[in-house]
Amino acid sequence: MRGVVDAQAKKWLKVGLNTSMNYSKQVITVSDNDLINTALQQSPAVESTTADGNYGGPEDSNFTQSNPLGLAKLIENYNRKAGVRNNIYLDITPIEGLSYRTEFSTDINVTNAYRRVPTYQFGSIINSERSNQQSKQFNLYWAWRNVVTYNKTFNEKHNLNAMVGTEMSSATWEYLE
């Protein structure tokens, strides 16, 4: 979602706001663990599912692949991301040729990632250890910019253009696993 507001409040004052928000949920099962490559290398003699509805696997675990279909169905691996970006500004023109612009920007992002691998048995391949992982990430960036500009033409031949500016910013990043 995105919104933009620009307004000429006075002859000498312009204000504006740009904002955007985003949210996404990403499921990462197939690309995780190189499942497509595992499926391509799997022997055609190994059943993806057995007659009783379980996931099939090789009879010998030496030099064989696991069951990519079973891994894709059993492993939970996803993340959720949300973010907000804002930018607000003021343009002030007190006299012809002189302008002052001040601008404040923020960028805030949050990510939650989850991965769960249950115990399973695919033929002779056994995973007896269950694992759960969760991570959280928080990012905050802000910046404040100020610029003064002077433009003047003399005798229709000579142009004077001067600019002075400052900027300060801060970035914070937190990660928890």
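All values derive from a computational prediction rather than experimental measurement.

Quick word on the environment of Asn-132
Right, so step 1: Structurally, Asn-132 can be placed in strand S7 (residues 131-154).
Right, so step 2: Expressed as a C-alpha distance, the spacing of Asn-132 and Asn-159, which sit 27 residues apart in the sequence, is 66 Å.
Right, so step 3: What Asn-132 contacts, discounting residues up to four positions off in sequence, is Arg-115 and Arg-116.

Things to note about the side chain of Thr-106
Right, so step 1: With respect to the element layout, Thr-106 can be found in strand S4 (residues 98-117).
Right, so step 2: Residue Thr-106 is classed as buried on the basis of its relative accessible area of 18%.
Right, so step 3: Not counting chain neighbours up to four residues away, the residues in contact with Thr-106 comprise Val-84, Arg-85, Asn-86, Tyr-141 and Trp-142.

With respect to the side chain of Asp-107
Right, so step 1: With respect to the helices and strands, the residue Asp-107 is situated in strand S4.
Right, so step 2: A polar atom in the side chain of Asp-107 sits 3.2 Å from the side chain of Arg-85.
Right, so step 3: Dropping the residues within four chain positions of it, Asp-107 is found in contact with Val-84, Arg-85, Asn-139, Leu-140 and Tyr-141.

A closer look at the sheet that holds strand S2 (residues 13-27)
Right, so step 1: The sheet built from six strands is open, its strands ordered S1-S2-S3-S4-S7-S8 with antiparallel pairing. Edge positions in the sheet fall to strand S1 (2-10) and strand S8 (158-176), since each has one partner strand and no second. Ignoring which end each strand starts from, the neighbouring axes of this sheet average 10 degrees apart.
Right, so step 2: When strand S3 (residues 76-95) meets S4, the two strands line up antiparallel, connected through 18 bridges. Among the inter-strand pairings, Asn-87 is bridged to a residue of S4, identified as Ser-105.

Overview of the packing of aromatic side chains
Right, so step 1: Overall, the coordinates contain five aromatic pairs when judged by the stated rule.
Right, so step 2: Ring centres of Trp-173 and Tyr-175 lie 5.8 Å apart, and the angle between their planes is 5 degrees; this geometry places the pair in the stacked category.
Right, so step 3: With relative accessibility at 55%, the residue Trp-173 sits in the exposed group.
Right, so step 4: Ring pairing ties together the aromatic residues Tyr-55, Tyr-120 and Phe-122, which thus form one cluster.
Right, so step 5: Residue placement shows Lys-25 over the ring face of Tyr-78; its charged tip is 4.7 Å from the ring centre.
Right, so step 6: Against the face of Tyr-89 rests Arg-101, its NZ or CZ located 4.2 Å from the ring centre.

About the thresholds
- Residues numbered from 1 in each chain as written.
- Predicted model: local features only at pLDDT ≥ 70, side-chain atom pairs only at ≥ 80, totals over all residues.
- Heavy atoms only, no water.
- Helix = DSSP H or I, 4+ residues; strand = E, 2+ residues; numbered from the N terminus.
- Contact = heavy atoms within 4.5 Å.
- Buried < 20%, exposed > 50% of the residue type's maximum accessible area, 1.4 Å probe, protein only.
- Polar contact = N/O pair within 3.5 Å; in protein donor to acceptor, adjacent residues only side chain to side chain.
- Pairing = 2+ DSSP bridges.
- Axes fitted to C-alpha atoms, helices over the stretch in contact; angles between N-to-C directions.
- Phe/Tyr/Trp six-rings, centres within 6.5 Å; stacked < 30°, edge-to-face > 60°.
- Lys NZ or Arg CZ within 6 Å of the ring centre and 35° of its normal.

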